[in-house]
Amino acid sequence: MFHYTFHWNQAFQKLPQMLDGALVTVEIALASMVLGIVFAVLLTGARLSGWRTLSALATGWVEIARNTPALFQIYMAHFGLGSFGIHLSPFTSLLIGITFNNAGYLAENFRGALKAIPETQTRAGRSLGMTGVQAFGWIVLPQMLRISFLPMTNQMVWAVLMTSLGVTVGMNTDLYGVTQALNAISFRTFELFAIAAAIFYAITKIITFGARLLAARLFRY
Amino acid sequence: MFNTSLGIDDLIFLAQGAGMTILVTAIAVAIGTVLGIAFGIFRYQAGPVLAAPVTFVLDLFRSIPLLIQLVLANAFIGTVLRLKMSGFTVACAVLSLYTAAYCAEIVRGGIQAVPSNTRRAARSLGMSWFQDMTHIVLPLATRIALPSWIGLALGVMKDSALVYVVQVTELLKSTQILITRLQEPLFLLLICGAFYFIISFPIARFGGYLEKRWSND
């Protein structure tokens, strides 16, 4: 049928290396997600604080993260900071880039979630003697995280997919980087990348399925 | 940093890159939207079992990094099928399907948001399925779907930065070429980022405005 001989065996022999790469990919995605949530909460807090400069800075972060390509953000972390004499490893640049992106998108999701939480919740907290920060942290934040659980899952999938961009700044230990390096040796482009695609697909399915189980467990009431 | 050696030729080079970004995005969004509407309606009409193959394939486009999709498509067309196809064609084809996968989801969501009683009322007035679709579902679903569709179109523009892997020189790639030559990464990246931002930000704001305006009634 095709004038091409598939060499699946040759590619499958590299599977252990690729799975190691997949582990790195998941690690980066998880780390960027945890950091992203922390920064997104801080950004949301900054936007709510009513402090002009702080709120403007936070809005600027969110808008830049949402309105420029993720690849651009990774380039900025790698080459942009590099021109200030800050030379980061590909791993760090990638992590910073994805975290920046995640934080921006999540902060916007959180803002949407906040609209669903009645103002009276904060007021009730305040009238119990809580400070503004306490009311946000103990009353609003848990509800906000709960409402934005599904968008967070989507963002996690995005984070996994975005790790593939690390190769552009010289990352060679994540799944895409490993595949690229193997491809440079064997030139079995189609076979290798098809396997990488299958692994990526499996990872995203595990995340969405796991999140569904977790949601069923967490949000029973 | 302000002592730049960026010449007028380089600016034209950047503008060409920007033009390529817009061209690829426009083609992908146009084809992807048409396909996405078709797939979305099919998925809604056919029910979960019949539509399963389509759902699976569309899901693949959303669960595999675009970079890998492009590399795979290029390798498949170039080395397996041995077809001579330009990187531009491959990029447009992959991006179109990628857009269609997301668009189908938006369309399906839009159709589902139309209350079934409204549609039954239309059908019992003697409207055909097609009339129901064009006169009842289309206007109502558009209100739900259009803001997300604007977001999708902007997302595709940003993701089109990845088509450099199939040798298409779009904005980010032309920036990178200039960085290698001029060694002024920060300045060039800021120009490039500003371009994306200037296009994306007002349209995103408009989308947000539409969403807010249309959600109240």
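Per an unreviewed UniProt entry, chain B goes by the name Amino acid ABC transporter and belongs to Paenirhodobacter enshiensis.

Per an unreviewed UniProt entry, the recorded name for chain A is ABC transporter permease, and the organism is Paenirhodobacter enshiensis. Looking at chain A in UniProt, the text filed under Sequence similarities (unreviewed entry) is "Belongs to the binding-protein-dependent transport system permease family. HisMQ subfamily."

Asks: Just checking my understanding: could you explain the overall build of chain B for this structure?
Replies: When helices and strands are counted, chain B shows eight helices and zero strands. In terms of overall dimensions, chain B has C-alpha extents of about 70 × 45 × 25 Å along its principal axes. Taking all 217 residues of chain B together, the buried fraction comes to 39%. Nonlocal contacts in chain B, meaning residues at least 24 apart in sequence, comprise 78% of its contacts between residues at least 6 apart.

Asks: When you look at the nonpolar core in this model, what are you seeing that I'm missing?
Replies: Most often, soluble globular proteins have nonpolar side chains that are buried together. A:Ala196 and B:Ala91 are the most contacted members of the largest nonpolar core, which totals 119 residues. At 15 residues, helix 4 (residues 87-113) of chain B tops the list of elements feeding residues into this core. With residues up to four places along the chain from it excluded, the contact list for B:Ala91 reads B:Val24, B:Leu70, B:Val163, B:Val166 and B:Val168.

Asks: Explain the interface of chain A and chain B here, please?
Replies: One widely used convention gives an interface's size as the accessible area the parts lose upon coming together. Each partner contributes to the interface: chain A provides 31 residues, whereas chain B provides 29 residues. Secondary-structure elements contributing two or more residues to the side of chain A that touches chain B are helix 3 (52-67), helix 4 (70-82) and helix 10 (189-218) of chain A. Examining the composition of the side of chain A that touches chain B, we find that 10 residues originate from one element, helix 10 of chain A, more than from any other. Here the residues of the side of chain A that touches chain B are counted per class, giving 19 nonpolar, nine polar and three charged.

Asks: Explanation requested: the UniProt feature "domain: ABC transmembrane type-1" (unreviewed entry) in chain A in the structure shown.
Replies: Within this structure's numbering, the places UniProt gives as "domain: ABC transmembrane type-1" (unreviewed entry) are residues 22-211 of chain A. A distance of 19 Å separates the end C-alpha atoms of residues 22-211 of chain A, which is 82% helix and 0% strand.

Asks: Can you walk me through the UniProt feature "transmembrane region" (unreviewed entry) in chain A in this structure?
Replies: Residue and element names in this part refer to chain A. UniProt tags residues 22-43, 156-173 and 193-215 as "transmembrane region" (unreviewed entry). In residues 22-43, the share of helix is 100% and the share of strand is 0%. The end C-alpha atoms are 30 Å apart. Between the C-alpha atoms that bound residues 156-173 there is a distance of 20 Å. The span itself is 39% helix and 0% strand.

Asks: What am I meant to see in the environment of A:Val169 here?
Replies: Residue and element names in this part refer to chain A. Along the chain, the position of Val-169 falls in the loop between helix 8 (149-162) and helix 9 (175-186). The spacing of Val-169 and Tyr-75 is 94 residues in sequence and 7.2 Å in space, taken between C-alpha atoms. Once residues within four sequence positions are removed from consideration, Val-169 is found in contact with Ile-74, His-78, Pro-90, Ser-93 and Leu-94.

Asks: Which parts of the structure should I look at to understand the UniProt feature "transmembrane region" (unreviewed entry) in chain B?
Replies: All names here are of chain B. Summarizing the sequence annotation, UniProt attributes the feature "transmembrane region" (unreviewed entry) to residues 12-42 and 186-204 in the numbering used throughout. Span residues 12-42 is 100% helix and 0% strand, its end C-alpha atoms 44 Å apart. A distance of 25 Å separates the end C-alpha atoms of residues 186-204, which is 100% helix and 0% strand.

Asks: Before we go on, may I ask you to explain the packing of helix 8 of chain A against helix 10 of chain A in this structure?
Replies: Two quantities define a packed helix pair, namely the angle between the axes and the distance from one axis to the other. Residue and element names in this part refer to chain A. Running from amino to carboxyl end, helix 8 crosses helix 10 at an angle of 160°, the nearest separation of the two axes being 10 Å. Considering the angle they form, helix 8 stands roughly antiparallel to helix 10. Where helix 8 crosses over helix 10, the two elements pack in a sense that is right-handed. Contacts from Phe-149, Thr-153, Met-156, Val-157 and Val-160 of helix 8 reach helix 10 at Ile-203, Thr-204, Ile-207, Thr-208, Ala-211 and Ala-215. Residues belonging to the contact of helix 8 with helix 10 are distributed by class as follows: eight nonpolar, three polar and no charged.

Asks: What exactly am I supposed to notice about the UniProt feature "domain: ABC transmembrane type-1" (unreviewed entry) in chain B here?
Replies: The sites that UniProt annotates as "domain: ABC transmembrane type-1" (unreviewed entry) are residues 18-199 of chain B. Within residues 18-199 of chain B, the helical portion is 85% and the strand portion 0%, while the C-alpha atoms at the span's ends are 11 Å from each other.

Asks: How should the environment of A:Asn154 be read in this particular structure?
Replies: Relative to the helices and strands, A:Asn154 resides in helix 8. It is 9.4 Å that separates the C-alpha atoms of A:Asn154 and A:Thr204, two residues lying 50 residues apart in sequence.

What counts as what
Residues numbered from 1 in each chain as written. Chains lettered and ligands numbered in written order. Predicted model: local features only at pLDDT ≥ 70, side-chain atom pairs only at ≥ 80, totals over all residues. UniProt positions renumbered as here; feature names shortened; annotations may be inferred. Helix = DSSP H or I, 4+ residues; strand = E, 2+ residues; numbered from the N terminus. Buried ≥ 20, exposed ≤ 12 C-beta atoms within 10 Å, placed from the backbone. Contact = placed C-beta atoms within 7 Å. Core = buried A, V, L, I, M, F, W, Y, C linked by C-beta atoms within 7 Å. Nonpolar A, V, L, I, M, F, W, Y, C, P; charged D, E, K, R; others polar. Axes fitted to C-alpha atoms, helices over the stretch in contact; angles between N-to-C directions. Parallel < 35°, antiparallel > 145°, perpendicular 65-115°, else oblique. Left-handed = near helix turned anticlockwise from the far one by under 90°.

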